[in-house]
Amino acid sequence: PEVNSVASLDFGPVRCALRASSDGRRRPQDLGLERIGNGRELLARAAELACTHGLTGYDAVYAASAQLIGGYWLTADVKAHRKVRHLRISKAVCQP
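Presented here is a report on the structure given in the accompanying data block. All values derive from a computational prediction rather than experimental measurement. (Residues numbered from 1 in each chain as written. Predicted model: local features only at pLDDT ≥ 70, side-chain atom pairs only at ≥ 80, totals over all residues. Heavy atoms only, no water.)

## Regarding the overall build of the protein
Check the secondary structure of the protein and you find 5 helices and 2 strands. For the protein, the succession of helices and strands along the chain, N to C, is α-α-α-α-β-α-β. A sequence separation of at least 24 residues applies to 25% of the contacts in the protein between residues at least 6 apart. For the protein, the computed accessible surface area is about 6800 Å², with 53% contributed by carbon and sulfur atoms. (Helix = DSSP H or I, 4+ residues; strand = E, 2+ residues; numbered from the N terminus. Contact = heavy atoms within 4.5 Å. Areas by Shrake-Rupley, 256 points an atom, 1.4 Å probe, with all protein chains shown as cover.)

Below is the structure:
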(Lines give C-alpha, C1' and ligand atoms only; values in the text may rest on other atoms or scores of the structure.)
Protein backbone atom coordinates (compact mmCIF):
# COMPACT_ATOMS: atom_id res chain seq x y z
CA PRO A 1 0.00 0.00 0.00
CA GLU A 2 2.76 2.50 0.80
CA VAL A 3 4.49 1.91 -2.54
CA ASN A 4 1.20 2.62 -4.26
CA SER A 5 0.74 5.76 -2.17
CA VAL A 6 4.18 7.02 -3.07
CA ALA A 7 3.79 6.01 -6.70
CA SER A 8 0.49 7.85 -6.92
CA LEU A 9 2.35 11.07 -6.21
CA ASP A 10 4.25 12.31 -9.21
CA PHE A 11 7.71 11.02 -8.31
CA GLY A 12 8.61 10.53 -11.96
CA PRO A 13 10.83 7.41 -12.17
CA VAL A 14 8.81 5.27 -9.75
CA ARG A 15 5.50 6.17 -11.36
CA CYS A 16 6.85 5.73 -14.88
CA ALA A 17 8.43 2.38 -14.02
CA LEU A 18 5.16 1.11 -12.57
CA ARG A 19 3.31 2.09 -15.75
CA ALA A 20 6.03 0.78 -18.07
CA SER A 21 5.66 -2.91 -17.33
CA SER A 22 3.81 -4.90 -19.94
CA ASP A 23 1.55 -6.75 -17.50
CA GLY A 24 1.16 -3.85 -15.07
CA ARG A 25 2.78 -5.80 -12.24
CA ARG A 26 6.30 -4.72 -11.40
CA ARG A 27 7.95 -6.11 -8.31
CA PRO A 28 9.29 -3.53 -5.84
CA GLN A 29 12.72 -5.12 -6.21
CA ASP A 30 12.66 -4.27 -9.93
CA LEU A 31 12.43 -0.60 -8.93
CA GLY A 32 15.32 -0.75 -6.48
CA LEU A 33 12.95 -0.89 -3.50
CA GLU A 34 13.33 -3.42 -0.73
CA ARG A 35 10.91 -4.86 1.76
CA ILE A 36 11.82 -4.69 5.44
CA GLY A 37 10.29 -7.05 7.98
CA ASN A 38 9.14 -6.03 11.45
CA GLY A 39 12.10 -7.55 13.28
CA ARG A 40 13.26 -6.84 16.81
CA GLU A 41 15.98 -4.43 15.67
CA LEU A 42 13.53 -2.35 13.64
CA LEU A 43 10.89 -2.23 16.36
CA ALA A 44 13.43 -1.40 19.09
CA ARG A 45 14.86 1.44 16.99
CA ALA A 46 11.36 2.71 16.15
CA ALA A 47 10.41 2.74 19.84
CA GLU A 48 13.58 4.68 20.65
CA LEU A 49 12.87 7.26 17.92
CA ALA A 50 9.26 7.63 19.05
CA CYS A 51 10.21 8.17 22.69
CA THR A 52 13.24 10.40 22.20
CA HIS A 53 12.06 12.48 19.24
CA GLY A 54 8.30 12.54 19.70
CA LEU A 55 7.37 10.70 16.50
CA THR A 56 4.18 8.71 16.20
CA GLY A 57 4.70 4.95 16.15
CA TYR A 58 3.80 4.87 12.46
CA ASP A 59 6.33 7.59 11.56
CA ALA A 60 8.96 6.06 13.82
CA VAL A 61 8.82 2.77 11.91
CA TYR A 62 9.49 4.59 8.64
CA ALA A 63 12.32 6.64 10.18
CA ALA A 64 13.86 3.53 11.76
CA SER A 65 13.62 1.65 8.47
CA ALA A 66 15.49 4.43 6.70
CA GLN A 67 18.13 4.52 9.40
CA LEU A 68 18.70 0.77 9.39
CA ILE A 69 19.19 0.53 5.63
CA GLY A 70 21.14 3.77 5.33
CA GLY A 71 18.45 5.46 3.28
CA TYR A 72 15.94 8.28 3.65
CA TRP A 73 12.38 8.42 4.85
CA LEU A 74 10.51 10.53 2.29
CA THR A 75 7.63 12.27 4.01
CA ALA A 76 5.14 15.01 3.28
CA ASP A 77 4.84 15.57 7.04
CA VAL A 78 7.17 18.54 7.52
CA LYS A 79 6.54 18.63 11.27
CA ALA A 80 7.67 15.00 11.67
CA HIS A 81 10.65 15.59 9.37
CA ARG A 82 11.82 18.50 11.53
CA LYS A 83 11.84 16.25 14.61
CA VAL A 84 14.52 13.98 13.10
CA ARG A 85 16.11 16.29 10.52
CA HIS A 86 19.37 16.40 12.50
CA LEU A 87 19.70 12.60 12.18
CA ARG A 88 19.81 12.96 8.37
CA ILE A 89 17.39 10.09 7.82
CA SER A 90 14.45 12.00 6.38
CA LYS A 91 13.64 14.27 3.47
CA ALA A 92 10.54 16.43 3.28
CA VAL A 93 8.98 16.07 -0.16
CA CYS A 94 7.10 19.35 0.17
CA GLN A 95 7.91 22.56 1.95
CA PRO A 96 5.28 24.91 3.43
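On we go from here.
## Quick notes on the packing of aromatic side chains
In this structure the tally under the stated criterion is 1 aromatic pair. Ring centres of Y58 and Y62 lie 5.2 Å apart, and the angle between their planes is 75°; this geometry places the pair in the edge-to-face category. Linking Y58 with Y62, this pair stays in helix α4 (residues 57–69), spanning 4 residues, or about one helical turn. For K91, the ring lying beneath its charged end belongs to Y72, and the centroid distance is 4.5 Å. (Phe/Tyr/Trp six-rings, centres within 6.5 Å; stacked < 30°, edge-to-face > 60°. Lys NZ or Arg CZ within 6 Å of the ring centre and 35° of its normal.)

## A look at the environment of L49
Tracing the sequence through the fold places L49 in helix α3 (residues 40–53). When residues no more than four places from it in sequence are discounted, the contact partners of L49 are G54, L55, A60, A63, A64, Q67, L87 and I89.

## Considerations on α3
End to end, α3 covers 20 Å across 14 residues, agreeing with the expected 20 Å (1.5 Å per residue, within 8%). L42, R45, A46 and L49 are the residues of α3 that are buried. Here the buried residues of α3 occupy an arc of 105° about the axis, which is enough to place them on one side. When the buried face of α3 is taken as reference, the exposed residues oriented beyond 90 degrees from it are R40, C51 and T52. Taken together, the buried residues of α3 touch α4. (Expected span 1.5 Å × (residues − 1). Buried < 20%, exposed > 50% of the residue type's maximum accessible area, 1.4 Å probe, protein only. Arc of directions from axis to C-beta.)

## What about the pattern of salt bridges?
As enumerated under the stated definition, the model contains 1 salt bridge in all. With a shortest N-O distance of 2.7 Å, R45 and E48 are connected by a salt bridge. Of this pair, R45 and E48 both sit in helix α3, separated by 3 residues, roughly a single helical turn. (Salt bridge = Lys/Arg side-chain N within 4 Å of Asp/Glu carboxyl O.)

## Focus: the nonpolar core
Within the largest apolar cluster, 12 residues are counted, these being L42, A46, L49, L55, A60, A63, A64, A66, W73, A80, V84 and I89. If you list the elements that add at least two residues to this core, you get α3, α4 and α5 (78–84). Examining the composition of this core, we find that 4 residues originate from one element, α4, more than from any other. With residues near it in sequence (within four places) discarded, A60 still touches A46, L49, A50 and L55. (Core = buried A, V, L, I, M, F, W, Y, C linked by side-chain atoms within 4.5 Å.)

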